[in-house]
Amino acid sequence: MKRTFFAQPGLVLSYFLVLLLAATEAPLWISCFAAVILLWKWLSEKKNFPKFSRKLTAALSILMVAQVYLQYRTLLGQEASNTLLVGLSALKIMDYENERDHRFLILLGFIMVAMKAVFSVDIIWTLPSGIAFAGLWYALLNPEMRPRLRFLLRLFAASAPLAILLFLAFPRIVVPWAISRASSVGAVGFSDSLSPGNVAGLAAIDQLAFRAKFHHQAQNLETLYWRGAVLTSSEGLQWMRPRNQPRTSPRLKSSRGVRYEVIMEPGMRGYLFTLNYAKSVISDTLPFTEFKYAVFRSAQNLTKNQTYQAVSDENLFDTETPDEELKEVPSLPPKTQEWVSGVLAREKTPAGRMKELKRFFEDPEFVYTMRPGFYANNDLDEFLFGRKRGFCEHFAGAYGTLARALGLPSRVVVGYHGGVFNLIGDFWRISQKDAHAWVEVFINDRWEQVDPTEWIAPLRLNMGAERFFGLSEQQQAQYARTPRWGLGGEAEFSLTEAVSFFVDDLNYRWTYFILDFDLDQQRSFWAGLTKDLGAFLAIAVLAVLVGLLGVRRLLRGGERRAPIEKLMDQIIRWGEHRGVPYEFSEAPLRYLHRLAQTFPMQAQALTLVAQAYDRQIYREEYLSLEMVAASRKLWNELKNKKNAEVKPRRLEKSKN
């Protein structure tokens, strides 16, 4: 049976939705490749363009596999597999012409929908994934089956209880290779180094990084410094991670302090972001290691949403004595070296040198901007004494280097600051716009936090990145040093913002429920049911009844007969009641023919039933319910008629 892809609107729409879902996890080039192939297929079917031969599509498949391998250095993992599936699906659509292609194409669609569900639990993808899944099932059913939609609804309704039962009772199984990501770069782009421009580029992306919910303690925006990577090697404006990152001894495990829960988005190079001072981090599903300088990191990049709990105490400080690596000073350019020498000559105490640093960065000529222009890694003179335009990374990197040059051990921290508080869900939403960098300086026998942005653009810290970067560049430059500009009174939000809060809260609750419902939660769920004996017994009785009904229907499943077979059973009983028994070895069609000869008044109905029976049982053709209903209706009209009753009517009709 020859098939045409674009002649099936249901298949086309559902598969386009599948490809769009998969394209969100695939590189741009494969999406463009698939779009070109689909356009050519449409032209070949609608405008008589020459279609690709199967040899050509096979050659393209080989080239695509080679390209994916060259890009990812593997054919395994989420990104590589997803890219392959998008390309192979497009090429299979080009080859689409028979039933075998139809079924194989739908199988590829099911795999892509399943991959989207495994690696992304956001509720925003639930509806389109469900529509695509149902559309693929609809396209899989026989087109001649008229009540396809009703059959599909019954199928989903019958499978829903089992799916819920499996979710509530079946243990979670983690397949290691299913959660590996091919590339070493996080999907979101968080960097564990500090080069001029990389944090500004990250902050230009309006994409969710993680959500955080605090337990019974309100937090101020200004104090939310989310610690990620700690950089210790300075080259001027550029800072990098330690040459070796040894593990640290376990911290004090205590529940006292600020308790909060974090749901991470995929990417982030495996960093677990915490507030200062993190006394403990706990995760039941995410293996991680604590490194020196209070850095928490998993062994692999996060390829899907993960959750963890942490406790921080702002009254505790890191008192570890700095090693030599935290004192190393890079070579300084002339103007910077001259300034450092002057401060060293004037100020002999650490406190005095800290004041000089603050006074230097309070210079009103410094401008906080995401577009400072290009700086080289050690271009301190141009930045500090020339353009004086930079982002948080420039000020943090320069401050840390100057502090070391003044004999103050320092390190740079890269992470996030602030976030947007969801008033409906009571949680913080931290996006890439909140990317930030600051400095930690060892003074008074402890590491203290210093954020140069507080002197150059305090409004950025008090207002939050999303609102601050929502201002015009003129407003940012004019009011950046005005700490409370635009913050008077209670914050009001529009209907659009309220809807956004509601959707974000719904997505948060959904994500948290899916991630947190692990084996322990399953046990707690069933243990909670057993405490309430009445509810437990009611659910148990209902489960037994549903199980018995399912077993009964399963046992009867083999005895189910087609409607035409049931009609045949009625005719056999009718014939046997009138003295024409059904012989043991007699074929059904032969028996109907014998009945038609014996009872000529019912011959028309018996012939119609014989034709329908032959088509469905012997030829295995689809027989619509309307055809069966027409045969049954005619049989019911004629089965009780006798010759004496029929002849007069024929005579009357002939006279007319």
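Going by the structure above, here's the rest.
Everything numeric in this text was worked out from a predicted model, so none of it was measured. All residue numbers refer to position in the chain's written sequence, counted from 1. Predicted model: local features are reported for residues with pLDDT of at least 70 only, side-chain atom pairs are reported and counted for 80 or more only, and whole-chain, interface and lining totals are derived from all residues. Side-chain metrics rest on all non-hydrogen atoms present in the structure, leaving aside hydrogens and water.

1. Describing the sheet that holds strand β6 (residues 271–272)
So, point 1. The strand order β6-β9-β8 describes an open sheet built from three strands, whose pairing is antiparallel. The open sheet has two edge strands with one neighbour each: β6 and β8 (288–291). Two strands form a pair only when DSSP identifies at least two bridges running between them. The helix and strand labels rest on DSSP assignments: H or I over at least four residues marks a helix, E over at least two residues marks a strand, and numbering proceeds from the N terminus.

2. Description of the packing of helix α2 (residues 28–46) against helix α4 (residues 78–95)
So, point 1. Interaxial angles span 0 to 180 degrees and are taken between N-to-C directions of axes, which are lines fitted to C-alpha atoms, for helices over the stretch in contact. Taken N-terminus to C-terminus, the directions of α2 and α4 make an angle of 10°; their axes are 9 Å apart at the nearest point. Overall, the two elements α2 and α4 adopt an arrangement that is roughly parallel. Where α2 abuts α4, its residues Trp29, Ile30, Phe33, Ala34, Ile37, Leu38, Trp40 and Lys41 lie against Thr83, Val86, Gly87, Ala90, Leu91, Ile93 and Met94. Relative orientations are named as follows: roughly parallel for angles under 35 degrees, roughly antiparallel for angles over 145 degrees, roughly perpendicular for angles from 65 to 115 degrees, and oblique for any other angle. By definition, residues are in contact when any of their heavy atoms lie within 4.5 Å.

3. Some points on the pairing of strand β5 (residues 258–264)
So, point 1. Counted residue by residue, β5 has six buried out of seven residues, so it is predominantly covered.
So, point 2. In the sheet, strand β1 (residues 208–214) pairs with β5 via five bridges, with the strands oriented antiparallel. Looking across to β5, one finds that Ala212 is bridged to Val262.
So, point 3. When β5 meets strand β10 (residues 306–312), the two strands line up antiparallel, connected through seven bridges. Residue Glu261 lies in a different strand from β10, and its bridge partner there is Gln309. Burial here depends on accessible area, computed with a 1.4 Å probe over protein chains only, as a share of the maximum for the residue type. Under 20% is buried, over 50% is exposed, and the range in between is partly exposed.

4. With respect to helix α1 (residues 9–23)
So, point 1. A helix's residues, less one, multiplied by 1.5 Å, set its expected span. The terminal C-alpha atoms of α1, which comprises 15 residues, lie 21 Å apart, in line with the 21 Å expected from a rise of 1.5 Å per residue.
So, point 2. If you check which residues of α1 are buried, you get Leu11, Val12, Ser14, Tyr15, Val18, Leu19, Leu21 and Ala22.

5. Details of the sheet that holds strand β15 (residues 427–431)
So, point 1. With respect to topology, six strands assemble into an open sheet ordered β7-β10-β5-β1-β15-β14, the strand pairing being antiparallel. Each edge of the open sheet is held by one strand with a lone partner, namely β7 (278–282) and β14 (420–422). Geometrically, the sheet is characterised by an average inter-axis angle of 25° between neighbouring strands, direction not taken into account.

6. Description of the environment of Leu38
So, point 1. Within the secondary structure layout, Leu38 lies in helix α2.
So, point 2. Linking Leu38 and Ala90, residues 52 residues apart in sequence, is a C-alpha distance of 6.5 Å.
So, point 3. Residues within four places of Leu38 in sequence aside, it is in contact with Phe6, Phe16, Leu19 and Ile93.

7. Here's the deal with the side chain of Asn82
So, point 1. Position of Asn82 relative to the elements: it lies in helix α4.
So, point 2. A relative accessible area of 4% means that Asn82 is categorised as buried.
So, point 3. Not counting residues up to four positions away in its chain, the partners in contact with Asn82 are Ala22, Glu25, Ala26 and Met115.

8. Details of the environment of Ala596
So, point 1. Structurally, the position occupied by Ala596 is in helix α21 (residues 588–598).
So, point 2. Taking relative accessible area as the criterion, Ala596 reaches 16% and is therefore assigned buried.
So, point 3. Here the alpha-carbon distance between Ala596 and Thr607, two residues eleven residues apart in the chain, equals 7.4 Å.
So, point 4. Leaving out residues up to four positions away in the same chain, Ala596 has contacts with Ala603 and Leu606.

9. Digging into the pattern of salt bridges
So, point 1. A side-chain nitrogen of Lys or Arg and a carboxyl oxygen of Asp or Glu constitute a salt bridge if their distance falls within 4 Å. Within the structure shown, the criterion is met by 22 salt bridges.
So, point 2. Residue Arg103 is joined to Glu99 by a salt bridge in which the shortest nitrogen-to-oxygen separation is 3.1 Å. Of the two residues, Arg103 and Glu99 both sit in helix α5 (residues 99–119), four residues apart, roughly one turn of that helix.
So, point 3. Ionic pairing is found between Asp323 and Lys292, a salt bridge with its closest N-O pair at 3.3 Å. With Asp323 in the loop between β10 and α9 (334–346) and Lys292 in the loop between β8 and β9 (295–298), this pair connects stretches of sequence that are 31 residues apart.

Geometric descriptors of this kind do not, in isolation, establish any biological role.
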